[in-house]
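Close look at the chain arrangement
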Amino acid sequence: MAAICCIRVSTQPSPASNLRFQCWASSKNKRRDTAPCILKIAVSGITEILRIFSPSNPNRTYLQQGLDTTVNNVKKDETLVSGIDDIVSILQSDYEKAYFLTGNFSSAIYTEDCIFEDPTIKFSGRDLYSRNLKLLVPFFDSPSLVLQRIEKDMSSEVNYVLATWKLRTYLRLPWRPLISIEGSTVYDLNDEFKIFRHCESWNISALEAVGQIFNFSFESSGE
């Protein structure tokens, strides 16, 4: 998994700065149109579908074991973090574990009230994020998360890390929809180098992303 790490010291706006601003601006703009209301209904419906088609307990047991491992590593993570380079290293490791798709992430580098945001939803709480992953992970089939680039910025008002990635997975639903998204995640850091905001931007609209779930093409399992 390739990763590029760099630091911007120029006074000119960097691509990372632009992406960070776009992430903030896009979420602000969405609150001024009608899309969020539609998406809230859609996301609520999807949640119910996930509960109805919930996989068997063995999958959940396996996931819980992974989450327990993450909890056991909390003190270790806190000991290792002394600057932004440590955060970059830990995030690279989490991407190698495909944390979006496995639920195995280093929770200790996030504040307890960390804000998690993507084009479809926004909420706060590290524990809630873990629970959301616990619900979703058993539905992923043949998942893939590729880190394309990771960079840090200490020249702006808020230190942050920017990662760009490609995600692809089938869902364990009767029609086996394919989810394919390219995106970026901004990790805003506080003075103690803990992530207090985790903001995703995607290459497709929120409605297009949700629409992928309802693509009834019945892909073959051998693809």
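These lines cover the structure that appears in this document, whether it is placed above or below. Just so it is clear, the structure is predicted and the values come from calculations on it, not from any experiment.

Let's talk about the nonpolar core
In terms of nonpolar packing, the biggest core is built from 40 residues, with Leu91, Tyr95, Phe100, Tyr110, Val161, Tyr187 and Ile195 touching the most fellow members. Of the residues forming this core, the biggest block, 6 residues, is contributed by helix H5 (residues 84–96). Once residues within four sequence positions are removed from consideration, Val161 is found in contact with Ile84, Ile87, Val88, Leu91, Ile150, Glu151, Lys152, Thr185, Val186, Tyr187 and Leu189.

Notes on H5
With 13 residues, H5 ought to run about 18 Å at 1.5 Å a step, and its terminal C-alpha atoms sit 18 Å apart, in line with that. Within H5, burial applies to Ile84, Ile87, Val88, Ile90, Leu91, Asp94 and Tyr95. Positive phi shows up at Ala98, right after H5, with a value of about 50°.

A look at the pairing of strand S2 (residues 110–118)
As defined by bridge partners, S2 adjoins strand S7 (residues 195–202) across 4 bridges and the pair is classed as parallel. Pairing of Ile115 across the sheet is with Arg197, part of S7. Of the pairings in the sheet, the one linking S2 to strand S3 (residues 121–124) comprises 4 bridges and is antiparallel in character. Paired with Phe116 across the strands is Phe123, a residue of S3. In sequence, S2 turns back onto S3 through a hairpin of 2 residues.

Here is what the cut-offs are and how they apply
- Position numbers for residues count from 1 along each chain, tracking the sequence in the order it is written.
- Local features in this predicted model are restricted to residues of pLDDT 70 or higher, and side-chain atom pairs are both shown and tallied only at a pLDDT of 80 or more, whereas totals for entire chains, interfaces and linings draw on every residue.
- Calculation of side-chain values draws on the structure's entire complement of heavy atoms; hydrogens and water are dropped beforehand.
- Grouping buried Ala, Val, Leu, Ile, Met, Phe, Trp, Tyr and Cys residues that are joined through side-chain atoms within 4.5 Å yields what is termed a nonpolar core.
- Exposure categories follow from relative accessible area, calculated using a 1.4 Å probe and restricted to protein chains: below 20% of the type maximum is buried, above 50% is exposed, and the middle band is partly exposed.
- A run of H or I in DSSP becomes a helix once it reaches four residues, and a run of E becomes a strand once it reaches two; helices and strands are each numbered from the N terminus.
- Contact between two residues is taken to exist if any of their heavy atoms lie within 4.5 Å; hydrogens are not considered.
- The span you would expect from a helix comes to 1.5 Å times its residue count less one.
- DSSP-based pairing: two strands are paired if at least 2 bridges between them are found.

In short, shape yes, function no, at least from these values alone.
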